[in-house]
Amino acid sequence: MSIPLEPYLDTLRAELATTLLSGDEKSVGKSARYSRRMLGMLLQRRRVMPLAEKQALQNFDSMLDELCTEVGALDGGMMLVAELKQHIRTIPDYASAESALQTAVLLLSAHPNARKRELQSQIAAVNFELHNSFFQAALDDSMGAATASVDEGLSADQQQALQAWLRQQFPTDARLQITGVRALLGGASKNTLVVKLDNATHLPQAVVVRMDKAAGVAESTVIDEYFLLQLTHSAGLPVPVPYALESSGEVLGAPFELLSYVEGGNIGDWTEVTEPSREFAVDVAHTLAKLHQIPEAAVQGRLPGADSTTRERMQRDMQRFENTWRASGQPSIVLEQAYAWLKEHLELAEGARSIVHCDPGIHNMLARDGRLAALLDWETAVIGNPAQDLTYMRPKVNSMIAWEDFLQEYQVAGGVLPSDGEMDFYELWRGVFSMHFNSMARAFYLSGMASSLVLAYVSQNVYHFFYQDLHDTVNRIYQRYS
């Protein structure tokens, strides 16, 4: 969890200087809000985390003798016992102890029995308390919707190329003109542009161009997404209207899709709901139920998971995510425990099969008059277990409607509820999934491959919300299944 301060401070300095000079009241307010939150999180880490880590070491020390007995009896365990005793008791150092404890978790998971599971549960509880003490201290009471935009998009040459392509694609709009382009920020894998049009008869006055990025967090392209939007739009789901696809990349330098512009706004962001609405939550339940009832055959094998069992796809995704994490060199006891439990209970991944959005968060939805206007960003969609979508929504649903009521509405609309075990599996997978993509966004930001206030905020503040969710779920799962 080590976080370098300098890149975030540089972003804050540049953002504040730019927006304060702009004189735009809305932009200044938004920049100030994000900046204050980021600074608060960074400062609390410096103030709270050392004390929390000291307390965690004391808690680990209380179970150290029994832990060493169990670990020492395993192949290669005696050297690890020496490390544990050195870094927890003799010369306490949390950073070193975390790495040793992670290895201990790995060994315990490879040789499960009742006592080892109890030790795993105790480790999860201490780890949760450590992160929770920091997270609660850093929690900001004045969170707001995380939508941002800037007045930049395509170059003059690109606008001319797009205009010519639109005229060619829509002969009845041969006189249309592009009068403005605005880029929406926030996407980690796609560039999304609002394009204003004049003299158009077939197309509306504003359309959306969604284009692949050279380096994106998700591996899918707009080509995959366009097919899925055609399918879901035909099924009556609230999604943008798919108008056309440019798959060659010759017009704008990358493939793009042309979609309708949906009026509306976000009622929250990645971490909270700022304008809770029961009607909105009911709309989401009904939309997911309708999505999950689209026949798998309609996908025509074009989504990940269509050619394998759900268990096999989850096993591949899990291995890919785990490889990315281990390659980062970032130690994490909670991720070690999460992967261990998921691997041990892979049979719970199976169940009903359907199209699964995978990322149906409030940040990927538009609202209008308190109702769901559009479900966006289908780039991570797969064939899988509907439990993956349902559990992903749970943290946000709880602030709008009782979870039991949400599930009942899902059933009313034709959805079939997964088993409790399947829901537990995907509750934990939610944390791993979120941490994987957020960590990739953080890597892009810290490497300089992409830089913006929104990306800095996501890779710093939102990262800690996701990490907290993972700690909370691991703690609950290990307590329940120990």
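Report follows, based on the coordinates. (Residues numbered from 1 in each chain as written. Predicted model: local features only at pLDDT ≥ 70, side-chain atom pairs only at ≥ 80, totals over all residues. Heavy atoms only, no water.)

Focus: the packing of aromatic side chains
Per the counting criterion, the structure on display carries 13 aromatic pairs. Between Y8 and Y445, the aromatic rings sit 5.0 Å apart at their centres with planes inclined by 35°, giving tilted as the arrangement. Taken as a pair, Y8 in helix α1 (residues 6–22) and Y445 in helix α14 (residues 420–447) lie far apart in primary sequence, 437 residues in all. The same class applies to Y8 and to Y445, which are both buried. Taken together, F321, Y392, W429, F433 and F437 form an aromatic cluster joined through their ring pairs. For R442, the ring lying beneath its charged end belongs to Y463, and the centroid distance is 3.6 Å. (Phe/Tyr/Trp six-rings, centres within 6.5 Å; stacked < 30°, edge-to-face > 60°. Helix = DSSP H or I, 4+ residues; strand = E, 2+ residues; numbered from the N terminus. Buried < 20%, exposed > 50% of the residue type's maximum accessible area, 1.4 Å probe, protein only. Lys NZ or Arg CZ within 6 Å of the ring centre and 35° of its normal.)

Description of helix α13 (residues 403–412)
Because an α-helix packs 3.6 residues into every turn, residues spaced three or four apart end up facing the same way. Among the residues of α13, those classed as buried are W403, F406, L407 and Y410. One face of α13 carries all of its buried residues, which in axial projection span an arc of 95°. Structural note: α13 exposes E404 and V412 on the side pointing more than 90 degrees away from its buried face. The elements touched by buried residues of α13 are α9 (278–292), α12 (387–397) and α14. (Arc of directions from axis to C-beta. Contact = heavy atoms within 4.5 Å.)

Topic: the environment of Y34
By the element assignment, Y34 lies in helix α2 (residues 25–62). Between the alpha carbons of Y34 and V454 there is a distance of 8.0 Å; along the sequence they are 420 residues apart.

Side note on unusual backbone geometry
Excluding glycine, residues mostly carry a negative phi; peptide bonds, for their part, are mostly trans. We note that C358 has phi near 80°; this positive angle belongs to a residue other than glycine. Structurally, C358 is set in the loop between β7 (354–356) and β8 (365–368). Residue C358 is classed as buried on the basis of its relative accessible area, which comes to 2%. With a phi angle near 55°, D377 is a residue other than glycine that sits in the positive phi range. Its location among the elements puts D377 in the loop between β9 (371–375) and β10 (382–384).

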